[in-house]
Amino acid sequence: MIDHAAGSLAPPGLAGDLPGRHARLREGLAARDLTWLLAVRDESVSYLSGYVSTTFRMHSRPVVALLGPDALHVIAAETEVDSVRLRVPGVVAHSYVEMDPPVDGLPDGHLQFAPHAARVIAELINGTPGRVGVDGLDAAWPPVGQLTRLMPRLAAETVDASELVWQCRTYKSAWELDRMQHSAEILRQVFDVMPDRIRPGMTEREISRAFSIAQLEFGAHEVGPHGSVGRMHHGLFGGPTDAVWQRDDLLYLDGAPIVDGYWADFCRTYAARPVTPTERAGYARARAGLEAAVPMIKAGVAASGVGAAIQSAMRTDPAEVGFGRFGHGIGLHVPEPPSLHPDDPTEFVLGSTLCVEPTVQHGGINYVVEETYQVTDVGLTPISPAAPPGIIQL
């Protein structure tokens, strides 16, 4: 018999993890004289609630998390609110369903759901008056739904709370780290089997299909944006094409399986014939950046110093490579702050997680190595397996 109790479909362990997140957030709210925290960005909604949904991509129906003094509220469309109740422990769920004519700032369509969602939120906040911290308030990028603009009475009571949310999200709990380790283990298994599933003559799309299927086979809940590039003299982003992986070319695979919202991210480079001296030298430059960075990273060290060390070891500026930096944070999204870049002053904190990703262009080819770590009180703890010492020869 199916258990339909509230929270019964939540991931194991989430119910024990959410109170710690909420306590940290409420402490920050109190220090800022704020009563409420409103989150609309997908990954911030997931951080407050643990809820992950494919409808995050359906921007016509907002999913909103609202943390108050005594409860977590989630506002979702009527067709989704049962899912919220089943998957978010202790949540107070609210629905909307009416379609209203849009007001200024809502450009898509003559009738929209957002105004009703905003009315539901406003009624909750008006019942317990106080200042509202908004994640991403008036952000220029990334684009987020500024639902508070649909609540004129609250306009004077809203302030940006993005810094508070990032401070809390940067620290990964044991449960969050377990989710990331699970994702990384899936990707490790995928890379172990890929040599048996790929060959020259396949298109990037065919390789991407095999790569994605393997991620799902080994337990990924979602397959995130990933790289399948058989023409490494071009940029490494943009998605797979019908270009054929030729035997003379290297192949770059960069994966992103997602488990309960938490990402893995590391890559491999393959050759289907002997690796050339030039290719070996290019990969070695990227390895040199990794080896310079990893011993430096600990709590209190600035990302800028690590970025500068990678730059010196690889003899290249981040602006000279397509990625524009040498690593980034990771968790509920890729990338997260900070950036491993000589100009980023952010200091690493205990519990933060990051991808060290030196990238260099050598002989017209882009070379990348990548490892994922958590910053602990004893230095770095690996989340991903170690990067290969060289290009993998099939």
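The coordinates are above.
Residues numbered from 1 in each chain as written. Predicted model: local features only at pLDDT ≥ 70, side-chain atom pairs only at ≥ 80, totals over all residues. Heavy atoms only, no water.

A. Layout of the overall build of the chain. Summing up its helical and strand segments, the chain has nine helices and 20 strands in all. Against the compact-globule benchmark of 21 Å for 394 residues, the chain has a radius of gyration of 23 Å, which places it among compact chains. Referenced to the eigenvectors of the C-alpha coordinate spread, the extents of the chain come out at roughly 70 × 45 × 45 Å. A separation of at least 24 residues holds for 66% of the contacts in the chain among residues at least 6 apart in sequence. As displayed, the chain has an accessible area near 17200 Å², and 54% of this comes from carbon and sulfur atoms. Computed over 31 positive and 47 negative side-chain charges, the inter-centroid distance for the chain is 4 Å. (Helix = DSSP H or I, 4+ residues; strand = E, 2+ residues; numbered from the N terminus. Rg over C-alpha atoms; globule rule 2.2 N^0.38 Å. Contact = heavy atoms within 4.5 Å. Areas by Shrake-Rupley, 256 points an atom, 1.4 Å probe, with all protein chains shown as cover. Lys, Arg positive; Asp, Glu negative; His and termini not counted. Charge placed at Lys NZ, Arg CZ, Asp CG, Glu CD.)

B. How the structure looks around unusual backbone geometry. Going from Val334 to Pro335, the amide bond is cis rather than trans, its omega being -5°. Structurally, the position occupied by Pro335 is in the loop between strand E13 (327-329) and strand E14 (336-339). Cis peptide bonds are those with omega within 30 degrees of zero, and the linkage from Pro337 to Pro338 qualifies with 0°. A positive phi angle, close to 60°, is found at Arg315, a residue other than glycine. Of note, Arg315 is situated in the loop between helix H9 (303-314) and E13. For Arg315, a relative accessible area of 58% translates into the label exposed. (Buried < 20%, exposed > 50% of the residue type's maximum accessible area, 1.4 Å probe, protein only.)

C. Structural view of the pattern of salt bridges. Inspection of every chain in the model, using the stated rule, returns 18 salt bridges. Between Asp192 and Arg188 there is a salt bridge, and its shortest N-O distance comes to 2.6 Å. Of this pair, Asp192 and Arg188 both sit in helix H6 (residues 174-193), four residues apart, roughly one helical turn. With relative accessibility at 48%, the residue Asp192 sits in the partly exposed group. (Salt bridge = Lys/Arg side-chain N within 4 Å of Asp/Glu carboxyl O.)

D. Layout of the pairing of strand E12 (residues 266-271). Burial analysis of E12 places six of its six residues in the buried class, the great majority of the element. Here E12 shows a buried face lined by Phe266, Arg268 and Tyr270 and a second buried face lined by Cys267, Thr269 and Ala271. Two strands pair when backbone bridges link them, and strand E9 (residues 251-255) and E12 are joined in this way by five bridges, in the antiparallel orientation. Looking at E12, one finds that Tyr252 is bridged to Thr269. As defined by bridge partners, E12 adjoins strand E20 (residues 392-393) across two bridges and the pair is classed as parallel. Each residue of the ladder has a partner; that of Tyr270, found in E20, is Ile392. (Pairing = 2+ DSSP bridges.)

E. Representation of the environment of Leu111 in the model. Note on placement: Leu111 falls in the loop between strand E4 (92-96) and helix H4 (114-127). Judged by its relative accessible area of 47%, Leu111 is partly exposed. Taking the C-alpha atoms as reference, Leu111 lies 50 Å from Asp192; in sequence the two are 81 residues apart. The contacts of Leu111, once residues within four sequence positions are left out, are Met99, Asp100, Pro101 and Pro102.

F. Main features of the sheet that holds E20. Pairing is mixed across the open sheet formed by four strands, whose spatial order is E8-E9-E12-E20. Whereas interior strands pair on both sides, the edge strands pair on one side only; in this sheet they are strand E8 (227-229) and E20. As paired strands, E8 and E9 are joined by three bridges and run antiparallel to one another. Note on E9: the bridge partner recorded for Gly227 is Asp254. Sheet contacts for H6: E9 and E12; angle to E12, the most-contacted strand, approximately 5°. (Axes fitted to C-alpha atoms, helices over the stretch in contact; angles between N-to-C directions.)

G. Examining the packing of helix H8 (residues 277-293) against H9 more closely. Interhelical geometry of H8 versus H9 gives an angle of 145° and a closest axis separation of 8 Å. Classified by chirality, the crossing of H9 by H8 is right-handed. Here Arg285, Ala286, Ala288, Gly289, Ala292 and Ala293 of H8 lie close against H9, whose contacting residues are Val306, Ala309, Ile310, Ala313 and Met314. (Left-handed = near helix turned anticlockwise from the far one by under 90°.)

H. The arrangement of the packing of helix H2 (residues 42-49) against helix H5 (residues 162-170) in detail. As a packed pair, H2 and H5 sit with axes 11 Å apart at the nearest point and diverge in direction by 60°. Judged by the inter-axis angle, H2 sits oblique to H5. Our pair here, H2 against H5, has a crossing hand that is left-handed. Residue-level contacts link Glu43, Ser44 and Tyr47 of H2 to Val165, Cys168 and Arg169 of H5. Class assignment of the residues belonging to the contact of H2 with H5 gives a composition of three nonpolar, one polar and two charged. (Parallel < 35°, antiparallel > 145°, perpendicular 65-115°, else oblique. Nonpolar A, V, L, I, M, F, W, Y, C, P; charged D, E, K, R; others polar.)

I. Layout of the packing of aromatic side chains. Counting across every chain of the model gives six aromatic pairs. For the pair Tyr51 and Phe56, a centre-to-centre distance of 6.4 Å together with 90° between the ring planes defines the contact as edge-to-face. For the pair Tyr51 and Phe56, a shared accessibility class is recorded, and that class is buried. Between Tyr96 and Phe113, the ring centres sit 6.3 Å apart and the planes meet at 55°, which makes this aromatic pair tilted. Residue Tyr96 is found in strand E4, and its partner Phe113 is found in the loop between E4 and H4; the two are separated by 17 residues along the sequence. (Phe/Tyr/Trp six-rings, centres within 6.5 Å; stacked < 30°, edge-to-face > 60°.)

It is worth stressing that arrangement in space is one thing and function is another; only the former is reported here.
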